[in-house]
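Observations on the three-dimensional arrangement
Below, each chain spelled out in residue letters.
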Amino acid sequence: MKITSPAKLRDTRNDLSGRQAEFSLTVTVCGGTGCRSSKSLAVFNAFNKELAKRGLSDSVRLIMSGCHGLCEKGPNVLIEPGSIYYCRVKPEWANEIVESTIQKGELIEKYMLIGLKTKESAGNQNGSQVHPYQVREILKNNGKIDPLDIGDYITHGGYESLSKALFELSPENVIEEIKKSRLRGRGGGGFPTGRKWESCRKIQADSKWVICNADEGDPGAFMDRSVLEGNPHVVIEGMIIGAYAVGAHGGRVYVRNEYPLAVHNLTVAIEQARKWGFIGENILGSGFNFDIRINRGGGAFVCGESTALMASLEGKPGEPRAKYIHTVEHGYRDEPTVLNNVETWANVPGIVLYGADKFRELGTEGSPGTKIFSLVGKINNSRLVEIPMGTTLRRLVEDIGGGVPNKKKVKAVQTGGPSGGCLPESLFDLQVDFDALTEAGSMMGSGGIIVMDEDTCMVDVAHYFIKFLVSESCGKCTPCREGLKEMDRILGKITKGEGESGDLNYLEELGEWMKAGSLCALGSSAPNPVLSTLNYFRDEYMMHIADNKCPAGVCKNLIEYHVIEKNCTGCTLCAKVCPTGAASGVTKQPHSIDTVLCIKCDECYKACKFEAIGK
Amino acid sequence: MAILANEIDIDLVDRIIDRSGSDPEALIGILQDIQTEWHYLPLPALSHIADRLGIPYNRVWAVVTFYEAFTLEPLGKYHIQICTGTACHVRGVAEIVRALEDELMIETGHTTPDGEFSLECAHCLGACSMGPVIAVGDEFFGHLTRSKALEIIEELRKRSGVDLK
Ligand SMILES: Cc1cc2nc3c(=O)[nH]c(=O)nc-3n(C[C@H](O)[C@H](O)[C@H](O)COP(=O)(O)O)c2cc1C
Ligand code: FES
C-alpha cells in the first residue's frame, strides 16, 4: 500500500481514476455540519437503500462529502455528471430522484435551486449559479470528494504538490515560492507566511515543529471546520510541505473538541496518510521524516492565541505569554515552531504546485488569493463562501447572500469576531482585504461575517462581545481582565437606560488603555467592538443615554410593546403566540397589549404580518 | 484506593491514562476522555490522574477549572447546548435562553435536580443557517421561537416518560 516514489504516486492516481471511471454517475450528499443538522444522514441512507434496491450500487457512486456551502438550502444533493443540484432534499424523495434522474436522466424541476432549472444552466453550475461571484480554490474539492477516502483526494491531484516539493524543490525554493506568493496568515493577523517560515528555517535546532491552529474560536464562524471536515488531506499536505521547508519533523493539529466530525475526519485522514506513506519515515522515498498528532482543545477562546495554544498543547492552562519571546525560536516545548491557521496550510499545496504567480492572479496587491467567509446572521442565504480578496462587502451581502430577510433594511456587518468591529452600510463598497478592514477599524479575523439589520441594536452587539470576552479572558494581565469587566459594567448600564453623559468618553479612554497595556492580542483587540460601534453608531448610544430609547427595539428596559391600531387587522395571531395573555382582543378588531402582563419576549412582534406591533 | 473503587471504575481511568502513554502533556486529552466516559469529571479520578502522571494535584485542578469544556457537575440525561454564537445572537437567541432557564428553573451551566436536563451555552454550532438553534446530543432544532423551544422540552419529557407536573 505504501507509495514509495513520485512515479508510484502517478501510477496509483491513474489506477484509481480508472476505477472511478467505472461508475457512470456520482451522487454526493452534503455531510457538512449544517446539512447534517438538517438530517442529511437520513438522506444518504435513503439513497443507499434505493440504489441497492434497484441494483445500482456498482454503477452509481454514492458519497457523503464536506460542506457544499449552501447551508441555507440543505440537505443538498449533487449528481454528476450534469451538475444537477437538488436542495432541501427529503429522504422520501430518494425513490423519485433515483428513478427519474439517475435511471431516466430527467430533471425534477421542483427540487432544484432557483436559477438552475434547465439542463443547460444545471450543466454549467460550476462556479456561476450555485456559487455566484465566488472563486473556489480551497473549497473546490469540498463537495466533490469523500473526505474519508484518501484515494479520492489523490485522484483529484492530491499529494502531487508534496511530491513536487520533495523531489524538485529545495526547502529554500519552497520558502522562496511562498514568499513570492505573498500569502498572509488566514488566522486573523495576516502575517506573511513566507517570512515566518524563513525565520524558523534559519534557526539551527535538532527539533522543530509545525502546528495547525484549528481552534476557530470566533463565535459565528465555521470555515476552518468545513475545510477540515470536507478535505482534511489538503491541510495535511500543506503541513508536510511546511515541515519540509522549515526542517521540522513533528506536527500538531490543535482542533476544537466541539468539532467532533472534524476531529474524526482528520484522524482518519492522518491514519490513511501514514498508511500510504505520505507521513512517517522516508516520505515517498525522499528520506524526509514527519509525523502529525491531533490535540483536542478545551474550549477556551484564548487558546487560539499562539503562545496560549502552545501552553495548552503542553497540557497546561492556556495562558499567553509576552510577545517579545518569538515562537519561531522558542515555541512548543521551547523549540522552534511555525504555527499557521487551517486555511493558511490549505493554501500551500496550490501555491507550490501551480506557482506564486498563479496565486497572485487573484486578490489584491497586498492580500493576494482568496478567502473563505461564513456569511451568517440576518441574511437570506447563510452560507460558506470563497471569494477573491478585494470583493466588496456589498457584493457579499447583496449578491451572494441575497440580502436581508423580511424586507428589513441592512444596517451593518460585523467582521473579525470578538477582536473585530462593526461596519455600517455606508461602507459596503469597501473592498475586503486585511488592510482595508483594519483601516476601517475592524479586522479580517478568521472570516466570520455577521450581517445585521435595523432590528439589531449596536450597543447590545458590543455588549454581547464584551460579555463573551469577560468570560474568555484568561485573567493573567490586569488591563484585559479589569478593563473588560469595567466595559461590561458601563455597557450594562447603558442598555438598561442608566447611562450617563460621560460614559462614552470613558469607554473610549478605557479602550485605549487596554489596547496599550494588554499582554496578548485578546486584550489589545478586545475594545474593537466597542470602539468601532462608538465610531459609526454613536447616535444610537446617545439615544440610549439621553432619550432612554433603544431604536432597534432590543434593550428590554427601554422598550414597551404596543399595538399600532391603524395597522392591526385583528387577525388574533399575537394573542395566540403570547405566552402570558398580555396580547388580546376580539377577532377583526384592533388588539391591545397589557404592559403589566407583558414579559417582552418579542413573540408577537415576530409573528405579526402587518407591522402592527410597535416597541 | 478502596473508596475510589467504590465510586468509579478506576481500571477504566487507568486504561485511559495508559492509552495516552502516561504523558503529563496529554493531561487535557485524558480529562476529555474521562469526561466522555462519565459525562463529567468525578473528583476521585482527578487525584488518581495526578498520582499516575506524577504531577501536583493543583496542576490538574488548574487545568480543569481553566477550560470551559470541563464540568465537575454531572450533566443531565438531556444535555441541551444552546448556541449563543453571534449569528444566533442577532437572531434573538437570548429570548430562548431565558425561556429555557425559566422553564427548567436552572441557570445555563447547570443540571436540573432530577438529573434530566442540563443547559450549556455553545459558541456557534455550525448551523447558523437555522439559527437560533439548540442541539440535544446529535439532534438539532432550528429556527426556534420561544414556544417552539418549550415544545421541545415537553417532547423530551414525554420521551423520558416522566411527568413532572
Ligand atoms: C484571542 C485570540 C484568538 C485567536 N484565535 C485564533 C483561531 O481560532 N484560529 C487561528 O487560526 N488563529 C487564531 N488567532 C491568531 C493566532 O494567534 C495566530 O496568529 C495564527 O494562528 C497564526 O497563523 P496564520 O499566520 O496562518 O494566521 C487568535 C489570536 C488571538 C489573540
Ligand atoms: S452562531 Fe449559532 S450556529 Fe453559528
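Residues numbered from 1 in each chain as written. Chains lettered and ligands numbered in written order. Predicted model: local features only at pLDDT ≥ 70, side-chain atom pairs only at ≥ 80, totals over all residues. Heavy atoms only, no water.

1. Things to note about the overall build of chain B
- Along its length, chain B carries eight helices and four strands.
- What you see in chain B, going N to C, is helices and strands ordered as α-α-α-α-α-β-α-α-β-β-β-α.
- With the C-alpha coordinates of chain B rotated into their principal frame, the extents come out at 50 × 35 × 25 Å.
- Counting only residues that meet the buried cut, chain B has 55% of its 165 residues in that class.
- Accessible area for chain B stands at about 7,500 Å²; split by element, carbon and sulfur atoms hold 53% of it.
- With 13 positive and 26 negative side-chain charges, chain B shows a spacing of 7 Å between the two charge centroids. (Helix = DSSP H or I, 4+ residues; strand = E, 2+ residues; numbered from the N terminus. Buried < 20%, exposed > 50% of the residue type's maximum accessible area, 1.4 Å probe, protein only. Areas by Shrake-Rupley, 256 points an atom, 1.4 Å probe, with all protein chains shown as cover. Lys, Arg positive; Asp, Glu negative; His and termini not counted. Charge placed at Lys NZ, Arg CZ, Asp CG, Glu CD.)

2. With respect to the interface of chain B and chain A
- The partner chain A presents 55 residues to the 35 residues of chain B that form the contact.
- Taken together, both faces of the contact between chain B and chain A bury some 3,600 Å²; the carbon and sulfur share is 53%.
- Between chain B and chain A we count four salt bridges in total.
- We note a salt bridge from Arg293 of chain A to Glu25 of chain B, for which the minimum N-O separation is 3.8 Å.
- Run the count over chain B and chain A and you get 24 residue pairs in polar contact (both at pLDDT 80 or more).
- For the side of chain B that touches chain A, the secondary-structure elements that each account for two or more residues are helix H3 (27–38), helix H5 (57–66), helix H6 (86–90), helix H7 (93–104) and helix H8 (146–160) of chain B.
- For the side of chain B that touches chain A, the element with the highest residue contribution is H3 of chain B, accounting for five residues. (Contact = heavy atoms within 4.5 Å. Buried area = accessible area lost by both parts, 1.4 Å probe. Salt bridge = Lys/Arg side-chain N within 4 Å of Asp/Glu carboxyl O. Polar contact = N/O pair within 3.5 Å; in protein donor to acceptor, adjacent residues only side chain to side chain.)

3. Section: the site of ligand 1
All names here are of chain A.
- Near ligand 1 lie 18 residues; those nearest to it are Gly187, Asn213, Asn340, Asn341 and Thr344.
- The separation between an oxygen atom of ligand 1 and a polar side-chain atom of Lys196 is 3.0 Å.
- Contact between ligand 1 and Ser306: an oxygen atom at 3.1 Å from a main-chain N or O atom of the residue.
- For ligand 1, the accessible surface in isolation is 600 Å², of which the surrounding protein chains cover 89%. (Near = heavy atom within 4 Å.)

4. Some points on the sheet that holds strand S11 (residues 410–415) of chain A
Residues and elements named next belong to chain A.
- In spatial order, the strands read S10-S9-S13-S11-S12; together these five strands make up an open sheet with mixed pairing. Two strands close off the open sheet at either side, each with one partner strand: strand S10 (383–388) and strand S12 (421–424). Shown here is a sheet whose adjacent strand axes are inclined to one another by a mean of 30°, direction ignored.
- Against the sheet, helix H16 (residues 393–400) makes contact with strand S9 (370–377), S10, S11, S12 and strand S13 (448–453), and its axis sits at roughly 140° relative to S10, the strand it touches most. (Pairing = 2+ DSSP bridges. Axes fitted to C-alpha atoms, helices over the stretch in contact; angles between N-to-C directions.)

5. Things to note about the domain arrangement of chain A
All names here are of chain A.
- For chain A, the domain assignment lists domain 1 (19–131), domain 2 (151–359), domain 3 (370–453), domain 4 (458–546) and domain 5 (560–614).
- Here the C-alpha centre of domain 4 lies 34 Å away from the C-alpha centre of domain 2.
- Here domain 2 packs against domain 4, burying approximately 900 Å² in sum over the two surfaces, 73% of which is carbon and sulfur.
- Among the residues of domain 2 in contact with domain 4, Pro219, Phe301 and Pro320 are the three that bury the most area, contributing 51% of the side total.
- The interface formed by domain 2 and domain 4 holds zero salt bridges in total.
- Applying the counting rule to domain 2 against domain 4 returns two residue pairs in polar contact (both at pLDDT 80 or more).
- When grouped by side-chain class, the residues that make up the side of domain 2 that touches domain 4 number six nonpolar, three polar and three charged. (Domains from an automatic or database assignment. Nonpolar A, V, L, I, M, F, W, Y, C, P; charged D, E, K, R; others polar.)

6. A word on the packing of aromatic side chains
Residue and element names in this part refer to chain A.
- A complete count under the given rule lists 14 aromatic pairs over all chains for this structure.
- An angle of 15° between the planes, with centres 6.4 Å apart, marks the rings of Phe288 and Phe290 as stacked.
- Phe288 sits in the buried class, given a relative accessible area of 10%.
- Look at Phe290 and you get buried, because its relative accessible area is 1%.
- Three or more aromatic residues joined by ring pairs form one cluster here, namely Tyr86, Trp93 and Tyr111.
- The ring of Tyr605 carries Lys615 above its face, with NZ or CZ at 3.9 Å from the centroid. (Phe/Tyr/Trp six-rings, centres within 6.5 Å; stacked < 30°, edge-to-face > 60°. Lys NZ or Arg CZ within 6 Å of the ring centre and 35° of its normal.)

7. Considering the environment of Tyr78 of chain B
Residue and element names in this part refer to chain B.
- With respect to the element layout, Tyr78 can be found in strand S1 (residues 78–83).
- You can call Tyr78 buried: its relative accessible area is 12%.
- When the C-alpha positions of Tyr78 and Ala135 are compared, they lie 9.8 Å apart, and in sequence the two are 57 residues distant.
- Ignoring sequence-local partners within four residues, the contact set of Tyr78 consists of Glu116, Phe117, Ser118, Val136, Leu156, Arg159 and Ser160.

8. Brief notes about the packing of H3 of chain B against H5 of chain B
All names here are of chain B.
- The N-to-C vectors of H3 and H5 enclose an angle of 65°; their axes lie 11 Å apart at closest approach. In terms of orientation, H3 and H5 fall into the roughly perpendicular class. Crossing of H3 against H5: the hand is right-handed. On the side of H3, the interface is formed by Leu27, Ile28 and Leu31, while H5 contributes Arg59, Val60, Val63 and Val64.
- The residue makeup of the contact of H3 with H5, split by class, is six nonpolar, no polar and one charged. (Parallel < 35°, antiparallel > 145°, perpendicular 65-115°, else oblique. Left-handed = near helix turned anticlockwise from the far one by under 90°.)

9. Section: a nonpolar patch on the surface
Residue and element names in this part refer to chain B.
- A contiguous nonpolar patch, built from Leu43, Tyr57, Trp61 and Leu72 and spanning about 370 Å² of accessible area, is present on the exposed surface.
- Summarising the element assignment, Trp61 is placed in helix H5.
- Residue Trp61 is classed as partly exposed on the basis of its relative accessible area of 35%. (Patch = residues over 30% accessible without salt bridge, like charges linked within 9 Å, V, L, I, M, F, W, Y side chains within 5 Å.)

10. Digging into the pairing of S12 of chain A
Residues and elements named next belong to chain A.
- Both faces of S12 are covered, namely the face carrying Gly421 and Leu423 and the face carrying Cys422 and Pro424.
- In the sheet, S11 pairs with S12 via four bridges, with the strands oriented antiparallel. Across the sheet, residue Gln414 finds its bridge partner in S12, namely Cys422.
- Once S11 ends, the chain turns through five residues before running back antiparallel as S12, passing Gly416 with a positive phi of about 85°.

11. Examining the side chain of Thr307 of chain A
- Among the secondary structure elements, Thr307 of chain A is positioned in helix H13 (residues 306–313).
- Those residues in contact with Thr307 of chain A that sit more than four places away from it in its chain are Glu319, Pro320, Arg321 and Thr327 of chain A.

12. A short note on the domain arrangement of chain B
- Here chain B is partitioned into domain 1 (10–66) and domain 2 (78–160).
- Using only C-alpha atoms to locate each centre, domain 1 of chain B and domain 2 of chain B end up separated by 30 Å.

13. Here's the deal with unusual backbone geometry
Residues and elements named next belong to chain A.
- In this structure, Pro75 follows Gly74 across a cis peptide bond, with omega equal to -5°.
- Summarising the element assignment, Pro75 is placed in the loop between strand S2 (60–65) and strand S3 (77–80).
- At the junction of Glu80 and Pro81, the peptide bond is cis and its omega measures out at -5° in the coordinates.
- You can see Pro81 is positioned in the loop between S3 and strand S4 (84–86).
- In this structure, Asp602 takes a positive phi of about 75° despite not being glycine.
- Tracing the sequence through the fold places Asp602 in the loop between strand S16 (592–593) and helix H25 (603–607).

14. Describing the nonpolar core
- Ranked by size, the top nonpolar core spans 82 residues in total, and within it Tyr159, Trp197, Val235, Ile240 and Phe278 of chain A carry the most contacts.
- Considering each element in turn, this core owes the most residues, 10 residues, to helix H11 (residues 232–246) of chain A.
- Val235 of chain A has contacts with Cys212, Val227, Leu228, Val342, Trp345 and Ala346 of chain A, leaving out every residue within four places of it along the chain.
- Membership of the second largest hydrophobic core comes to 66 residues, among which are Tyr254, Val302 and Ala552 of chain A together with Leu27 of chain B. (Core = buried A, V, L, I, M, F, W, Y, C linked by side-chain atoms within 4.5 Å.)

15. What about the side chain of Ser181 of chain A?
- With respect to the secondary-structure elements, Ser181 of chain A resides in helix H8 (residues 171–181).
- A distance of 3.2 Å separates a polar side-chain atom of Ser181 of chain A from the backbone nitrogen of Leu183 of chain A.

16. Examining the pattern of salt bridges
- Under the criterion given, the structure shown has 45 salt bridges over all chains.
- The salt bridge partner of Arg489 of chain A is Glu486 of chain A, with a shortest N-O separation of 2.9 Å. With Arg489 of chain A and Glu486 of chain A both in helix H19 (residues 478–495), this residue pair falls three residues apart, about one helical turn.
- The partner of Glu95 of chain B in a salt bridge is Lys556 of chain A, with the nearest N and O atoms 3.3 Å apart. Highlighted residues: Glu95 of chain B in helix H7 and Lys556 of chain A in the loop between helix H23 (538–546) and strand S14 (562–563), drawn from two different chains.
- Take Glu95 of chain B: its relative accessible area is 6%, and that puts it in the buried class.
- On the basis of relative accessibility, which here comes to 28%, the residue Lys556 of chain A falls in the partly exposed class.
- Taken together, the salt bridges that share partners define one network made up of Glu50, Lys53, Arg54, Glu99 and Lys104 of chain A.

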